[in-house]
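Each chain is listed here by its residues.
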Amino acid sequence: MNQVVIYTDGACKGNPGPGGWGALLRSEDGSEKELCGGEPGTTNNRMEMMAVIQALSALKRPCQVTLHVDSQYVIKGITEWLPGWKAKGWRTAAKQPVKNVDLWQQLDALVSQGGHQIDWRWVKGHNGDPGNERADGLANKGVGMGAGLT
């Protein structure tokens, strides 16, 4: 299985407002791929999720992935909350509909059906981690795309 290290980030100017996502994929041979995109009216949490979805979607075959995310929402959602949401018909413990259910369902499908072995790692954002800083730059570039500036 190929090993891939991924850094993802999302950004939003206003919440909601124009948003962007960015991902840096680094393969074991040292090659890198940068991805980014944006949307005109979105939220930070949606962009954090889109970054992960787009990064995993870019993988052509099952990989051993070390995925660095600076979003507690994404990390806790995928590693803790998701099984309960699914068991409750995509409802929270408070019986409210899960926010961003469309993206959670996409991410769940990618994780469960993609054949990847994923090591989810939380990294503190804006703290000098080179991979996270690059993903942040890509996400901010995506904000410009979402705002129609590029």
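Look up a bit, the structure's there.
Residues numbered from 1 in each chain as written. Predicted model: local features only at pLDDT ≥ 70, side-chain atom pairs only at ≥ 80, totals over all residues. Heavy atoms only, no water.

Moving on, we come to unusual backbone geometry. Peptide bonds are mostly trans, and most non-glycine residues show a negative phi. Cis geometry marks the peptide bond from Asn 15 to Pro 16; its omega dihedral reads 20°. With respect to the element layout, Pro 16 can be found in the loop between β1 (2-12) and β2 (17-27). The residue Trp 90 is not glycine, and still its phi comes out positive at about 60°. Structurally, Trp 90 is set in the loop between α2 (72-87) and α3 (101-113). The backbone of Lys 95 sits at a positive phi, close to 65°, despite the residue not being glycine. Looking at where Lys 95 falls in the secondary structure, it is placed in the loop between α2 and α3. Residue classification places Lys 95 among the exposed positions, given a relative accessible area of 66%. (Helix = DSSP H or I, 4+ residues; strand = E, 2+ residues; numbered from the N terminus. Buried < 20%, exposed > 50% of the residue type's maximum accessible area, 1.4 Å probe, protein only.)

The sheet built from five strands is open, its strands ordered β3-β2-β1-β4-β5 with mixed pairing. If you trace the sheet from one side to the other, it starts and ends with β3 (32-42) and β5 (117-122), each paired once. Neighbouring strand axes in the sheet, compared pairwise and without regard to direction, differ in orientation by 20° on average. Judged from the nine bridges that link them, β1 and β2 form a sheet pairing that is antiparallel. By the bridge assignment, Gly 10 is partnered in β2 with Trp 21. Set on the sheet, helix α1 (residues 44-57) makes contact with β1, β2, β3, β4 (63-69) and β5; between it and β1 the angle comes to about 155°. On top of the sheet, α2 reaches β4 and β5; it is set at about 140° to β5, its chief contact. (Pairing = 2+ DSSP bridges. Axes fitted to C-alpha atoms, helices over the stretch in contact; angles between N-to-C directions. Contact = heavy atoms within 4.5 Å.)

Now for the pattern of salt bridges. Taken as a whole and judged by the stated rule, the model has six salt bridges. In this structure, the salt-bridge partner of Arg 121 is Asp 119, at a minimum N-O distance of 2.9 Å. A cluster of three or more residues bridged by salt bridges with shared partners is formed by Arg 26, Glu 32, Glu 34 and Arg 134. (Salt bridge = Lys/Arg side-chain N within 4 Å of Asp/Glu carboxyl O.)

Moving on, we come to the nonpolar core. Ranked by size, the top nonpolar core spans 33 residues in total, and within it Ile 6, Leu 25, Leu 67, Trp 104 and Trp 120 carry the most contacts. Of all elements in the fold, only β1, β2, α1, β4, α2, α3 and β5 reach the threshold of two or more residues within this core. Take this core: its biggest share by element is eight residues, from α1. Once residues lying within four places of it in the same chain are set aside, the contact partners of Trp 104 are Met 49, Tyr 73, Val 74, Gly 77, Ile 78, Leu 82, Trp 85, Trp 90, Val 98 and Lys 99. (Core = buried A, V, L, I, M, F, W, Y, C linked by side-chain atoms within 4.5 Å.)

Note that every value here comes from positions in space, so none of it alone points to a role or purpose.
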